[in-house]
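Understanding the architecture of this molecule
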Amino acid sequence: MTETACRAAFAHEPQAQRGRQRLLARLEASGISNQQVLEVVAEIPRHWFIDEALGTRAYEDSALPIGHGQTISQPYIVARMTELLLESGPCSTVLEIGTGSGFQAAVLAMLVRRVYTIERLAALWGLAEPRLRALKLRNVRYRHGDGRLGWPEMAPFDGIIMTAASEGIPRGLAEQLTLGGCMVLPLVVGAGQRLVRLTRTRSGFRHEDLEPAMFVPLLGGLG
Ligand code: SAH
C-alpha cells in the first residue's frame, strides 16, 4: 500500500527516475545487500525532503544541508543503518532520534510496522510530518523533544536508530530496547566517529564497532 503510494509519486518524474537508478547501482556497489532496503531508499523521492535549490543533487550519494545547521543523511548511511537494524531479527517498532528532514523515517515507515521519531528543533519537526503524509506514510508518530530520553510511554522498541553523533550511549535509551532488540548509532570516538550496533541480550548489551561515520552532533535541550 505504502509502496504503491511512493511509486505513484514518481510516475511523472523521469529525471528523478534516472537519478534513482544511478543511486541504486551506487548503493549496491558500496556493499548494501538487503534488496528491500535498496529498493526503498532509491524509491522515496529524496528531492521532496530538501530545498528546491538543491534538487539536482537529490540523488547524489551525499549528505545535504536542510537548514538550521543540520543535514539530510547520505543515502549510503541511511541504507546501511537500516540494513543493520533489520538483520538482527524481527523488527516491528523502531524509534528514531533526530527526525531532521524525515527521509530516514520514511525509509523505516516502508519497512516496519510502526515508527516513532523525535526531533529537538521545532522548525524541522514541523516539516517532516506533511512530507510523509504526502507519501501516504501514516504509521509514523512524531515528537518534539530531547531524543536522549527516548519515548518511555511507547517503549520497548525492537530497534532504535540515532541519526546524530553521541558522546556516549544514553543509558536510559538503551533500556528502552526489547530483549534481542538493537540500537544503531554513531559514537564520538577521539576526533572521529564510529558506527556502532548495540544489541540487548539476557546478560546486558553486545557492542559491535562497525565502520567510520560522520554525523552532526546529538545536542541537549530544545530549539
Ligand atoms: N534522520 C535525519 C538526519 C537529520 S540530522 C534525516 O533523514 O534527514 C540529525 C538530526 O538530529 C537534526 O535534525 C538534529 O536537530 C537532531 N538532533 C540532535 N540532537 C537531538 C536530540 N537530543 N534529540 C532529538 N533530535 C536531535
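See the structure above.
Residues numbered from 1 in each chain as written. Predicted model: local features only at pLDDT ≥ 70, side-chain atom pairs only at ≥ 80, totals over all residues. Heavy atoms only, no water.

With that settled, consider the site of the ligand. Around the ligand lies a shell of 27 residues, among which Glu-96, Ser-101, Glu-119, Gly-147 and Leu-219 are the nearest. Relative to its free-state accessible area of 580 Å², the ligand is covered by the protein chains to the extent of 99%. Counting only elements with at least two residues in the shell around the ligand, the list comes to strand 2 (70-72), strand 3 (93-97), helix 5 (103-109) and strand 4 (114-119). The element contributing the most residues to the shell around the ligand is strand 2, with three residues. Partitioning the shell around the ligand into residue classes produces eleven nonpolar, eleven polar and five charged. (Near = heavy atom within 4 Å. Areas by Shrake-Rupley, 256 points an atom, 1.4 Å probe, with all protein chains shown as cover. Helix = DSSP H or I, 4+ residues; strand = E, 2+ residues; numbered from the N terminus. Nonpolar A, V, L, I, M, F, W, Y, C, P; charged D, E, K, R; others polar.)

Right, let's talk about the sheet that holds strand 4 for a bit. Pairing is mixed in the open sheet, where seven strands are placed in the order 5-4-3-6-7-8-9. Edge positions in the open sheet fall to strand 5 (140-144) and strand 9 (204-212), since each of these has one partner strand only. Direction aside, the axes of adjacent strands within the sheet are offset by 15 degrees on average. Bridging between strand 4 and strand 5 involves five bridges; their strand directions are parallel. Along strand 5, the bridge assignment pairs Ile-118 with Arg-143. (Pairing = 2+ DSSP bridges. Axes fitted to C-alpha atoms, helices over the stretch in contact; angles between N-to-C directions.)

Moving on, we come to the packing of aromatic side chains. Scanning all chains against the criterion turns up three aromatic pairs. Taken together, the ring pairs in this structure connect Tyr-116, Trp-151 and Phe-157 into an aromatic cluster. (Phe/Tyr/Trp six-rings, centres within 6.5 Å; stacked < 30°, edge-to-face > 60°.)

This part is about the pairing of strand 1 (residues 64-67). Two elements, strand 1 and strand 2, share three bridges in a ladder whose sense is antiparallel. Within strand 2, the position partnered with Leu-64 by the bridge is Ile-72. The hairpin turn running from strand 1 into strand 2, its antiparallel successor, is two residues long, and His-68 in that turn takes a positive phi close to 60 degrees.

Topologically, Thr-93 is positioned in strand 3. Apart from the residues within four sequence positions on either side, Thr-93 is in contact with Arg-113, Arg-114, Tyr-116, Pro-156, Phe-157, Asp-158 and Gly-159. (Contact = heavy atoms within 4.5 Å.)

Another point: the state of the cysteines. Overall, the coordinates contain zero disulfides when judged by the stated rule. Between Cys-91, a free cysteine, and Cys-182, which holds the nearest cysteine sulfur, the sulfur-to-sulfur gap is 6.7 Å. Look at Cys-91 and you get buried, because its relative accessible area is 15%. (Disulfide = S-S within 2.5 Å. Buried < 20%, exposed > 50% of the residue type's maximum accessible area, 1.4 Å probe, protein only.)

That bond from Ala-155 to Pro-156 is cis: its omega, 5 degrees, falls within 30 degrees of zero. Residue position: Pro-156 is located in the loop between strand 5 and strand 6 (157-162). Although it is not a glycine, His-68 adopts a positive phi angle of roughly 60 degrees. On the secondary structure map, His-68 appears in the loop between strand 1 and strand 2. Classification of His-68 by relative accessible area gives exposed; the value is 52%.

Right, let's talk about helix 3 (residues 35-43) for a bit. Here helix 3 has its buried residues at Val-37, Leu-38, Val-40, Val-41, Ala-42 and Glu-43. Where helix 3 begins, the side chain of Asn-34 points an oxygen toward the backbone nitrogen of Gln-36, at a separation of 3.0 Å. (Polar contact = N/O pair within 3.5 Å; in protein donor to acceptor, adjacent residues only side chain to side chain.)

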